[in-house]
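Structural overview
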Amino acid sequence: MAEELTISNGTKEERYAELVPQIQSVIADEPDSIANMANVAAMLWQTFHWWWTGFYRVQDNMLVLGPFQGPLACTRIRKGKGVCGTAWQKDETLVVPDVEQFPGHIACSSASRSEIVVPIHNAEGRVTAVLDIDSDQLNAFDDTDRLWLERIAALMK
Ligand code: SME
């Protein structure tokens, strides 16, 4: 696997384009999904320095906190609750420009202002986890993030 992440100081699009092949090479030969989530959370954080970057895994019909980079977070989220539980229930990416405008948003951190949540699927198409990223800036995520984070989610099991 790659020893060190190398990302140049380009645009967001350029940084994603450099990041994705490095994620592919790091996770390609590792079957353990927790190990891969841990490295992907680290690599995303190293590239973009968001406030909170991590995973919730579907366990016994709940989302349970998985590997992440950032401050302490809620451990369990019910289906349909918060941005994460809604993205899981609807099975779609949610981009929330202002978390205060999202009914039922779960404020793990009062510093969080905007958020994107991307479902991750297994080979049968079931949601097995979500990738959750929070920013301390309003309106931090757009269609570029959606596109590239969905590509990253598709690499994961
Ligand atoms: N804000 C999320 C909860 C998870 S934390 O932000 C890490 C939500 O509403 O689902």
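So, a few notes on the structure that sits alongside this text. Just so it is clear, the structure is predicted and the values come from calculations on it, not from any experiment.

Here's the deal with empty space enclosed by the protein
The final tally for this structure, using the stated rule, is 1 cavity of 30 Å³ or more. Volume-wise, the largest cavity comes out at about 150 Å³. Taken together, 18 residues form the lining of the largest cavity, with Ile 106, Cys 108, Glu 115, Asp 132 and Asp 134 sitting closest to its centre. Where the lining of the largest cavity is concerned, the elements lending two or more residues are strand S1 (52-59), helix H3 (82-90) and strand S6 (127-135). The dominant element in the lining of the largest cavity, judged by the number of residues it contributes, is H3, at 3 residues.

A closer look at unusual backbone geometry
Across the chain, the bulk of peptide bonds are trans and the bulk of non-glycine residues have phi less than zero. In the Ramachandran plot, Asp 91 falls in the positive-phi region, its phi being about 55° despite a non-glycine side chain. For Asp 91, the position within the fold is in the loop between H3 and strand S4 (94-96). The residue Asn 139 is not glycine, and still its phi comes out positive at about 55°. Here Asn 139 lies in the loop between S6 and helix H4 (143-155).

A word on the packing of aromatic side chains
Under the counting rule described, the total for this entry stands at 6 aromatic pairs. For the ring pair Tyr 16 and Trp 148, a centre distance of 5.9 Å and an interplane angle of 10° mean the geometry is stacked. With Tyr 16 in helix H1 (residues 12-27) and Trp 148 in helix H4, the pair connects residues that are 132 residues apart, well separated along the chain. Residue Trp 148 is classed as buried on the basis of its relative accessible area of 9%. Seen in terms of ring centroids, Trp 50 and Phe 141 are 5.7 Å apart; in terms of plane orientation they differ by 55°. Their pairing is tilted. One end of the pair, Trp 50, is in the loop between helix H2 (33-48) and S1; the other, Phe 141, is in the loop between S6 and H4, and 91 residues separate them in sequence. Chaining the aromatic ring pairs together yields one cluster made of Tyr 16, Phe 48, Trp 50, Phe 141 and Trp 148. Above the face of the Trp 148 ring, Arg 151 is positioned so that its terminal group lies 4.5 Å from the ring centre.

Each value, and the rule that gives it
Residues numbered from 1 in each chain as written. Predicted model: local features only at pLDDT ≥ 70, side-chain atom pairs only at ≥ 80, totals over all residues. Heavy atoms only, no water. 1 Å grid on protein atoms, 1.4 Å probe; cavity = no way out; pocket = protein on both sides within 12 Å on 5 of 7 lines; lining within 4 Å. Points joined across faces, edges and corners; volume = space filled by probe spheres on them. Helix = DSSP H or I, 4+ residues; strand = E, 2+ residues; numbered from the N terminus. Phe/Tyr/Trp six-rings, centres within 6.5 Å; stacked < 30°, edge-to-face > 60°. Buried < 20%, exposed > 50% of the residue type's maximum accessible area, 1.4 Å probe, protein only. Lys NZ or Arg CZ within 6 Å of the ring centre and 35° of its normal.

That is the geometry; function is a separate question.
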